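Chains, contacts and geometry: an overview
Below, each chain spelled out in residue letters.
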Amino acid sequence: MTLTKGALLLVVLYLGAHGQSVDVSKRVDCFPEPGASQSSCQSRGCIWEEAPNDSPTGTPWCYYPTESGFTVQSTGTNSFVLAAKTPNPYGTNISPLNVKYSSNGATLLLTIGNDDRYVPPVNIPKKPSTSTESLKFTSGTIGSSDIFSFKVTRASTGAALWDTSIGGMQFADKFIQIATYLPTKNIYGFGDHIHKKIKHNLDRYTTWPMFARDIGPDSGSALSTQNLYGVHPFYMCIESDGKAHGVFILNSNAQEVETGPGPHLLYRTIGGRIDMAFFPGPTPEEVINQYLQHIGFPFLPAYWALGYQLCRWGYGSLDAMKTVISRNQAAGIPLDVPYADIDYMNHYEDFTEGDNWSGFPAYTQQLHNQGLHLIVIFDPAVEVDYSSFQRGINADAMFIEWARDDQVPHNIQDQYPMAKNTKIMLGNVWPERNTAFPDFLDTQNNTNVWWAGEFAQFHKTLPFDGMWIDMNEPSNFDTGTYSSMEERLANAKLSCPISGPDSSLDVPPYPTQAVYQRSGEYLFSKTLCMLGKTARRSRNFYDTKNLYGWSEARATYQAIPQVTGKRSAVISRSTFPSSGRYGGHWLGDNTARWEDLQTSVIGVMEFNMFGIPYVGSDICGFNGKSNEELCLRWHQFGAFSPFSRDHNSEGMPDQDPAIWPSVANAARIALGFRYYYLPYLYSLHYNAARYGHTVIRPLFFEYPKDEETLEISEQFLWGSALMIAPALYQGQTTVHAYFPSDTWYSLQTETYGQKMFSGFNDVNAPLSSLTPVFVRGGFILPRQAANTTTTASRLNPFEVLITVKTNAASSGELYYDNGDDIIPNDNIEQHPRVHWQFSFTSSIVGGVFTGNCETCSTAVKPPTLDTIEILGYPSAPNFSGFKLDGSSVTLDMSKTSYDASTQRVMISSKNLISLMALKKKFTLSFSNN
C-alpha cells in the first residue's frame, strides 16, 4: 500500500503523540475482535498503522504501544505489586496487581494475579523437578519508560526464554493478556487443534482459541484454527543450540494464544489469573518429564487395552455387532476390544439396554471366554425422568444449576416431577427428553459417589470392562438465546441471556476467537449457559467449563475399583492438563480423508506432549465414506498408535478390516507386529506412568540438534528405539523417510536387518507388507509371539531383540505385571511387577547379555525368556560355548543360527532364562568362533 504525503504526515504526528511505530513482525494486537477502525483503535489509546502489502499474513493494523502495561508500585522478596497505567479496552485493570515467582526444584513458577482470583481446582501435584540447567527471573522496564517487564533466562547460556518487553500487558476481571518475545520460531504444542505441521508457523500471525467444543476436526482446510474438544495451554520451544524448554499456563477460562513472526506470542484469557510454570529441559523428553512432575503422571492402562479395538455407531442390533466381530475373528485379525456405541442404550439413556440388545450380557460373557474385553459408551447428560436421575437426587448429587430460581424456565422444568422445584439447568442431548449435567466438581463428592454407584449397578447387568466417555465438553444440542422472558418461554430448548445484567458471563466484553470465528455464536453455543453454577454452587460454569471432561474422567477413573475391581481404561473426548492421570483420548470425530490420516500422526505426538500418551485416531475415519486404500493405510499407521481403534459413523458403510481382503491382510501384518512388540509398548506405558515420560515421540525429541528433525511431521518414535514412517498419501508406494545420524536397522520383511543410510531415504511402502518401521542401534526390545488376543499372547515365551551400535552397549527394559490388577492406592511403586533391566556388550572376543531385576514381585509369574535375536553382530558366535551364570547352555540348533551376510544372530532354547522374582540377576555369555 502506498500512503499519500498527507496520510503519512498524520501517521507521523499520531505516532509522535502515542508511541513509536512497531515493526510489522512484532505487533501486539489491540483490536483482536472484528470491526477495527482508526477511530475505534485510537480511542483505546492504541496505534493505527496500516500494514504494507509485503507484511506477514495477519499483521494487525491496530496495536499497543510497546511502552504499555503496568508500573511497579512496590517490591518484595521475589514479588512485585504493580499499578495499572495503560487503559484496558475490555474493563478496568485490577490495581494493585500482585506478581510473585519462586522455584520448585528446577521449575520456575510465576503467578500474575491476586489471591482472590479463581484458580482451577485440579489439585495437580506440582512435584519438584530436576535438571542440569537452571532458570533465572529478572525484572526491568520497557525502553526508557517505567513500564514493568520481566525476563526468564537460561542461566547456562543467557538465552531469554520469555521477554515481556514487547509490551501490551493487561489484567481486568474478564480480559487478561501478556505477550513475550520468543528465542526461536521452533514452537510446538498448544491444543486442542488441528495442526498441519507439528511445528507452528511463526512466519505469520495466527490465533489459536482454546475452549472445549463439540466440533469435528477440519483437516481438509489449508489452515483451521478452530478450537476442538480440549484445552492445553502448554508449548515447547527448541532454542538455537538445540536445548529445549517448556511453558505451561494453568487457566481454565476461555483463552487463546496468538503466535507471531517476532518471533513472539500473545496469551489472552478472560478470567482467573496467570499461573505459569517454566521447565528448563534441556532435552525435549526432560521438558515433558518436568511438565508431568508438575501436572501428574499418566495412568497405566490394562494390558488388554493396548490390543486392537473395533467400534461403530450404527449397529442396529446386537446381532449386527456379533456379525462384525465374528467376521474379523474369522479373518484372523488380532482383536481384543469390541465396542458398543449409544445404539445399545434404551432411548440413549445411560445405564440402560435397548430392546434390540437383549442377550448382550450373555454375549459379553462369551467375549470374555474368548479372552476379549468390552468397552461401552457413557454420556454425561442424564435424562431427568428415570431411575438413575432419581437416585442422584436421593443421593444429594449435584448437577449444573441456574444461579437463581427466577432464571429457571419453569415451562420446561415443571414437566419433570424429579426436577421440579430444583434449579438444575436442563439441556438436550441424545436422550429423547431433557437432560441434566452432573456436577463432577461437587465439593462434597456426592456426585462422584452416585456416578460410581450407577456404573457398579449397571455392571451387574452388563459386565463391561472399560468406559468410553463422550460429549463431555459438555455438549448440548441447539442452545438458544433470549433477551426477554417472553422469548425464553417461547423456546423449549435451553436458552441463555444475551442482554441485561444476567448476560455478563454469557456475553463478556471479549468472548475470544472461539466465538468470533463463527458468525452469530456465543460462548454458550453448543454447550450450557456460562452463568450456570458448579462445584456445589461455589463456582461459575464460565470458569469451570473447560474442566468438565477432566472432572468426568477423574470421576469415572475413580469408579473403576468399585465397578470392575480390575485395572481398565477410560477414553475421554474432552481433556485438560492432567487428564492423562485418569484416562486416554481419541482425536475426535474425524473424517475419512487422507488429510485426516496425515494430521492424526501429529495429533498423537502432540497429546503425548500433553501428558496423555494413550491416544489415537478413529482408524479409517469416522465421518464420511472410507475406501479400501485409505482404510488400509490407516490400519498400517493406527497399529502404531497407543490407542488403536477402528470407528465408524451411523449411516456409513462398514469399514472394519475384514470388509476388504487387502485391508484384512495389511491389518494382520501391522497388528501382528504391534502384538509382537506389545511387551515393549507396555513397558513404555509403565515407564510413563512410573516416571513421567512420553510413549510416542517426534524425532526431534531424540535429535534436537539435528535441524532437519524439527520439521518432521509424518514420522515418529516408539520410545527411543523404534521409528515408524507410514505411507499417508493416496497412491503412495514409497516414503521419503529421514534417518538421523545414527545406526538404524530395517524391520520390514523385504529388507530385514539391513542398515539404513543417514539422511533421507526412499523406502518401499507396499500395500501388502509391513509399515516402514526401523529400529535404532544400541537398544534391547522385549517381545512375545503374537496371537489374536493379548490374553493369549501374554502366555507366550519372551524374546528380546538386541541391536548393536558400534563402540556402545545396548540396553533396554521389560515391565511385566498381571495385566489388569488394580494399582494399590493409585501408587505405582506399590504395584506388584517384575522390572528387568537388560544390557548387552560385545567385543571381538564375544558377547555378554545381562539382566538385573530392579523390582521383583513374587506375585507376578512372567514366562521364560527363550529367544534372543541380535542385529549387527559382526562375528559368528560359538553356539556350543554359551554359558548362563557360568553353567553351559544347550541351545535348540533348529532355531539357532548366524547369517554373516546380514550379521544376524538367532539364539533359542526352551526355558532359556527364568524371569521369575527368585532370580534377581543373570549373565549369558558366549565367545566367537
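Look up a bit, the structure's there.
Worth saying up front: this structure is predicted, and the values here are computed from it rather than measured. (Residues numbered from 1 in each chain as written. Predicted model: local features only at pLDDT ≥ 70, side-chain atom pairs only at ≥ 80, totals over all residues. Heavy atoms only, no water.)

Moving on, we come to the packing of helix 4 (residues 318-330) against helix 5 (residues 360-369). Contact pair helix 4 / helix 5: the axes reach a minimum separation of 11 Å and the direction vectors enclose 15°. By the angle between their axes, helix 4 is roughly parallel relative to helix 5. Of the two possible hands of crossing, helix 4 and helix 5 adopt the one that is left-handed. Mapping the contact onto sequence places Leu-318, Met-321, Lys-322 and Ile-325 in helix 4 and Phe-360, Tyr-363 and Leu-367 in helix 5. In terms of residue class, the contact of helix 4 with helix 5 is built from six nonpolar, no polar and one charged. (Axes fitted to C-alpha atoms, helices over the stretch in contact; angles between N-to-C directions. Helix = DSSP H or I, 4+ residues; strand = E, 2+ residues; numbered from the N terminus. Parallel < 35°, antiparallel > 145°, perpendicular 65-115°, else oblique. Left-handed = near helix turned anticlockwise from the far one by under 90°. Contact = heavy atoms within 4.5 Å. Nonpolar A, V, L, I, M, F, W, Y, C, P; charged D, E, K, R; others polar.)

Turning to the pairing of strand 41 (residues 779-784), a few remarks are in order. For a regular strand, side chains alternate in direction, first toward one face of the sheet and then toward the other. Of all six residues making up strand 41, six are buried, and the element is well covered by its neighbours. Burial of strand 41 is two-sided: the residues Phe-779, Leu-781 and Arg-783 facing one way and the residues Ile-780, Pro-782 and Gln-784 facing the other way are all buried. As paired strands, strand 41 and strand 43 (residues 810-816) are joined by two bridges and run parallel to one another. Its bridge partner being in strand 43, Phe-779 is matched across the sheet by Ser-811. (Buried < 20%, exposed > 50% of the residue type's maximum accessible area, 1.4 Å probe, protein only. Pairing = 2+ DSSP bridges.)

The next subject is the packing of aromatic side chains. In this description, an aromatic ring pair is defined by two values, namely the gap between the centres and the angle between the planes. Under the criterion given, the structure shown has 72 aromatic pairs. On the basis of an interplanar angle of 45° and a centroid distance of 6.3 Å, the ring pair of Phe-838 and Phe-922 is categorised as tilted. With Phe-838 in strand 44 (residues 834-842) and Phe-922 in strand 51 (residues 921-927), the pair connects residues that are 84 residues apart, well separated along the chain. In this structure, Phe-838 and Phe-922 share a single accessibility class: buried. In this structure, Arg-44 is placed above the aromatic ring of Phe-31, and the distance from its NZ or CZ to the ring centre is 3.7 Å. (Phe/Tyr/Trp six-rings, centres within 6.5 Å; stacked < 30°, edge-to-face > 60°. Lys NZ or Arg CZ within 6 Å of the ring centre and 35° of its normal.)

In this section: the state of the cysteines. Evaluation of the coordinates by the stated rule reveals five disulfides. With a sulfur-sulfur separation of 2.0 Å, Cys-496 is cross-linked through a disulfide to Cys-529. One quick way to see it: the torsion about the S-S bond of Cys-496 and Cys-529 is about -85°, and its sign makes the bridge left-handed. Linking Cys-496 in strand 26 (residues 495-497) with Cys-529 in the loop between helix 10 (513-516) and strand 27 (533-534), this pair joins segments that are 33 residues apart in sequence. Numbered by position along the chain, the disulfide-linked cysteines of the chain connect as 1-3, 2-4, 5-6, 7-8, 9-10. The thiol sulfur of Cys-311 is not disulfide-bonded, and the nearest other cysteine sulfur, from Cys-620, lies at 12 Å. Here Cys-311 falls in the buried class, since its relative accessible area comes to 3%. (Disulfide = S-S within 2.5 Å.)

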